[in-house]
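Residue strings, one per chain:
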Amino acid sequence: MSASHPLPSHAAGKQSRGRGAAIVIYMLFLGSVLAVVTAPIGVLIAHLKRRDAALWVQSHLQFQIRTFWLGVLGGALFVAAWQLLGLVGAPAVAPWALGYVYFTACLIWMVARCGVGIGRLTANAPIRDPRSLAFGGARVTLADA
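Because the structure is a prediction, the values reported are computed rather than measured.

Structural notes on the overall build of the protein
Then step 1. Helix and strand content of the protein: 4 helices and 0 strands.
Then step 2. Of the regular secondary structure in the protein, the N- to C-terminal order runs α-α-α-α.
Then step 3. The 145 residues of the protein split such that 30% are buried.
Then step 4. In the protein, 64% of the contacts between residues at least 6 apart in sequence involve partners at least 24 apart.
Then step 5. Total accessible area computed for the protein in this model is approximately 9,100 Å², and 70% of it derives from carbon and sulfur atoms.

A few points about the layout of surface pockets
Then step 1. Empty space within the largest pocket amounts to approximately 520 Å³.
Then step 2. Along the walls of the largest pocket sit 17 residues, with Ser 32, Gly 71, Phe 103, Cys 106 and Met 110 positioned nearest its centre.
Then step 3. Where the lining of the largest pocket is concerned, the elements lending two or more residues are helix H2 (38-49), helix H3 (55-87) and helix H4 (93-122).
Then step 4. Tallying contributions element by element places H4 first for the lining of the largest pocket, with 6 residues.
Then step 5. Looking at the lining of the largest pocket residue by residue, the classes come out as 13 nonpolar, 4 polar and no charged.

What to know about the nonpolar core
Then step 1. One finds Tyr 26, Phe 29, Val 57 and Leu 61 to be the most contacted residues of the largest nonpolar core, which totals 19 residues.
Then step 2. If you list the elements that add at least two residues to this core, you get helix H1 (19-31), H2, H3 and H4.
Then step 3. Of all the elements, H3 adds the most residues to this core, at 6 residues.
Then step 4. Beyond its immediate stretch of four places on either side in the chain, Leu 61 contacts Ala 22, Ile 25, Ala 46, Lys 49, Arg 50 and Ala 53.

What counts, and at which threshold
- Residues numbered from 1 in each chain as written.
- Predicted model: local features only at pLDDT ≥ 70, side-chain atom pairs only at ≥ 80, totals over all residues.
- Heavy atoms only, no water.
- Helix = DSSP H or I, 4+ residues; strand = E, 2+ residues; numbered from the N terminus.
- Buried < 20%, exposed > 50% of the residue type's maximum accessible area, 1.4 Å probe, protein only.
- Contact = heavy atoms within 4.5 Å.
- Areas by Shrake-Rupley, 256 points an atom, 1.4 Å probe, with all protein chains shown as cover.
- 1 Å grid on protein atoms, 1.4 Å probe; cavity = no way out; pocket = protein on both sides within 12 Å on 5 of 7 lines; lining within 4 Å.
- Points joined across faces, edges and corners; volume = space filled by probe spheres on them.
- Nonpolar A, V, L, I, M, F, W, Y, C, P; charged D, E, K, R; others polar.
- Core = buried A, V, L, I, M, F, W, Y, C linked by side-chain atoms within 4.5 Å.

Rendered as structure tokens:
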């Protein structure tokens, strides 16, 4: 294309502003499975890079920011439910069972969101619905397409 017809923002691919930061943030989020401190570092980077990134990369950064804050909200709700189970005198196994199921579901949710994001990012594509509670508008299946 000529200089008078610039490429769409996502067509620049690997050279798009903020793309490298988005990759690092997905890796930090996945690393938080082993070292929780990496997720807050990732969301801080996402907040700092969001305004300067290419438009299609901004959708990834917004998706990452939302992933972090939804996780924090979910964690706070879990702690409240766990405390409530203790206050009502539930058997000791109840909070632990809740915790096991809840944290397993959260782990699957977070890893799946990162997987969808990495897939879209490496395809130089934006997140279709970065405000989604699930997977950014992506159809997630366990079968071959």
